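Listed below, chain by chain, are the residues.
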Amino acid sequence: MSSIEDTKPLQIIKAYSIHLFTAIGSVLAMLAILEAAKADWDAMFFWLLMALIVDGIDGPLARKFAVLDYAKRIDGILLDLIIDYLTYVFIPAFALFQSGLLTGWTGWFSTLIITFASALYFADTRMKTTDKSFSGFPGCWNMVVLVLFAWQPNFWVITGICSVLAVAMFVPVRFIHPVRTQRWRLVSLPMTLLWVGFATWATLDQFNLNALTQWGLILTSAYLLLAGVAQMLIPASHSDSTA
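Procedures and definitions
Residues numbered from 1 in each chain as written. Predicted model: local features only at pLDDT ≥ 70, side-chain atom pairs only at ≥ 80, totals over all residues. Heavy atoms only, no water. Helix = DSSP H or I, 4+ residues; strand = E, 2+ residues; numbered from the N terminus. Rg over C-alpha atoms; globule rule 2.2 N^0.38 Å. Buried < 20%, exposed > 50% of the residue type's maximum accessible area, 1.4 Å probe, protein only. Contact = heavy atoms within 4.5 Å. Areas by Shrake-Rupley, 256 points an atom, 1.4 Å probe, with all protein chains shown as cover. Expected span 1.5 Å × (residues − 1). Bend = angle between axes of the 7 residues up to and from the residue. Polar contact = N/O pair within 3.5 Å; in protein donor to acceptor, adjacent residues only side chain to side chain.

### Observations concerning the overall build of the protein
(1) Moving on: When helices and strands are counted, the protein shows 10 helices and 2 strands.
(2) Moving on: Reading the protein from its N terminus to its C terminus gives the helix and strand order α-α-α-α-α-β-α-α-β-α-α-α.
(3) Moving on: Taken over C-alpha atoms, the radius of gyration comes to 19 Å for the protein, in line with the 18 Å a tight globule of 243 residues would show.
(4) Moving on: Referenced to the eigenvectors of the C-alpha coordinate spread, the extents of the protein come out at roughly 70 × 45 × 35 Å.
(5) Moving on: Counting every position in the protein, which comprises 243 residues, the buried fraction comes to 42%.
(6) Moving on: Counting only contacts in the protein whose residues sit at least 6 apart along the sequence, the fraction spanning at least 24 positions is 78%.
(7) Moving on: Accessible area for the protein stands at about 13100 Å²; split by element, carbon and sulfur atoms hold 70% of it.

Pasting the structure below:
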């Protein structure tokens, strides 16, 4: 009996430790904004990538250790959303504005629509679909802006991309969650890991990219951006649902 009773305190400790792990994202956000204030974009993106990795790990851990049952005092979903808004939206938008990639009114326009649309989207109770995908573009501006830094297209192209993705937050188009969307996960998860690898290399190389890294970023980004649309167009097979 005593061993059963001792299990619950241990589970509580483990569950709250996941909240502590999630909160590391706020520290990484502060490190990123401090680097952004110095216009050290390589270091800023490095910390944002570390925050992305933490965000990718904490969800599965929270489910494994039943955080909703054993660590109820802290709202893990709210904690995650606060950190995500900082690291996915606010800091990347600031970097895009300050970087010089946009000129004149396009910088103000793109930055304001990113932050405004994302604030509404993060509060949207219908953002998740039944298959654990996202309804609408999920506000991953940290990934988008990193690719824009690597690619450095014309400012009109950047403005167009930001405008389309901001609108795409509120249209019934599906975007996959690389971990939780079960369909095609055997492809989606490796693609995500490849994207993180290419992105990390880009920051460490100060965005002096070779063709492999540049195209690797573009192609993996295209998959992550369009896989959900493809799933809407291609009927699911039995193997898809069990993969």
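### Side note on helix α9 (residues 211-233)
(1) Moving on: Its 23 residues place the ends of α9 31 Å apart at the C-alpha level, agreeing with the 33 Å of an ideal helix rising 1.5 Å per residue.
(2) Moving on: Along its length, α9 reaches its greatest deviation from straightness, about 45°, at L226.
(3) Moving on: Where α9 is buried, its residues contact α6 (141-151), β2 (174-175) and α8 (185-204).
(4) Moving on: With a side-chain oxygen positioned 3.2 Å from the backbone nitrogen of L212, the residue opening α9 is N210.

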